[in-house]
Amino acid sequence: GAVIPLVTAQLLSSKTNVVTAVHVTVRSGIDPHRVAVAIEDRHPQLAVLESSGDYGEVDQGFEILAAANLAISVLAVGIGAIGVMNTMIMSVFERTREIGIFRAVGWRGSRIIRMVLVESIALCLLAALLGVGLGVAASRAVLLVPSISALLVPAYPPDVFLRAALVGVAVALVGALYPAIRAVRLSPMEALRHE
């Protein structure tokens, strides 16, 4: 059924307990909006929300949490991108002799660049797929904590997975294109002498 979270303005009891939220689960087939209206009519001091996405309108703490989540995500993507680019650059530099051999036997520069980019994209897509799997598993593991599972409902919209794939491809292209072009610009003899 649907879940209706009820947020209060920190009701204080005579003891030291503080109630900040109450969650009401509605049976299937019952309209959550009608239940929310009925609760508000009976208890006007309560702020009733019909979905967890409305928390930001009532509690500024959730807005801060969302902003921190975005900042951490951007930082994680940035650090991951730098790591992947460094790996791809080192991989291509270490293959300079191999590229020199390909050039010596008649491979064109465009074919070598295409080969390096395809390998790089395949590697980064595999890493993105593994990362998405670990992310979904981690979010499921967090939901094993009852207090968190009562508050948060994970969503996995397709655009999240599409963005992960696009970031993986972009990082692969940026990380492999420069060293591949540099290696192709070397003459076959220079590339073969490369250590």
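This text goes with the structure placed above it.
Residues numbered from 1 in each chain as written. Predicted model: local features only at pLDDT ≥ 70, side-chain atom pairs only at ≥ 80, totals over all residues. Heavy atoms only, no water.

1. Comments concerning the pattern of salt bridges
Close approach of charged atoms allows side chains of opposite charge to pair. Scanning the model with the defined rule gives three salt bridges in all. Between Glu119 and Arg95 there is a salt bridge; the shortest N-O distance is 2.4 Å. Taken together, the residues span a long stretch of sequence, with Glu119 in helix α5 (residues 109-142) and Arg95 in the loop between α3 (60-94) and α4 (96-104) at a distance of 24 residues. Glu119 gets classed as partly exposed once you look at its relative accessible area, which sits at 36%. Exposure remark for Arg95: the relative accessible area of 18% places this residue in the buried category. Here Arg163 and Asp159 are joined by a salt bridge, their closest N and O atoms 2.9 Å apart. With Arg163 and Asp159 both in helix α7 (residues 158-185) and four residues apart, the pair spans about one turn of that helix. Several salt bridges share partner residues, and in doing so they unite Arg95, Glu98 and Glu119 into one network. (Salt bridge = Lys/Arg side-chain N within 4 Å of Asp/Glu carboxyl O. Helix = DSSP H or I, 4+ residues; strand = E, 2+ residues; numbered from the N terminus. Buried < 20%, exposed > 50% of the residue type's maximum accessible area, 1.4 Å probe, protein only.)

2. Some remarks on α5
Here α5 contains 34 residues, and its C-alpha end-to-end distance of 49 Å stays within 8% of the 50 Å for a straight helix at 1.5 Å per residue. For α5, the set of buried residues is Gly109, Ile112, Ile113, Met115, Val116, Leu117, Ser120, Cys124 and Ala128. (Expected span 1.5 Å × (residues − 1).)

3. Concerning the nonpolar core
Core analysis: the largest hydrophobic core is formed by 13 residues, its most contacted members being Val92, Ile99, Ile112, Ile113, Val116, Ala176 and Ala180. Those elements that place two or more of their residues in this core are α3, α4, α5 and α7. Considering each element in turn, this core owes the most residues, five residues, to α5. Those residues in contact with Ala180, other than ones at most four positions away along the chain, are Val92, Ile113 and Val116. (Core = buried A, V, L, I, M, F, W, Y, C linked by side-chain atoms within 4.5 Å. Contact = heavy atoms within 4.5 Å.)

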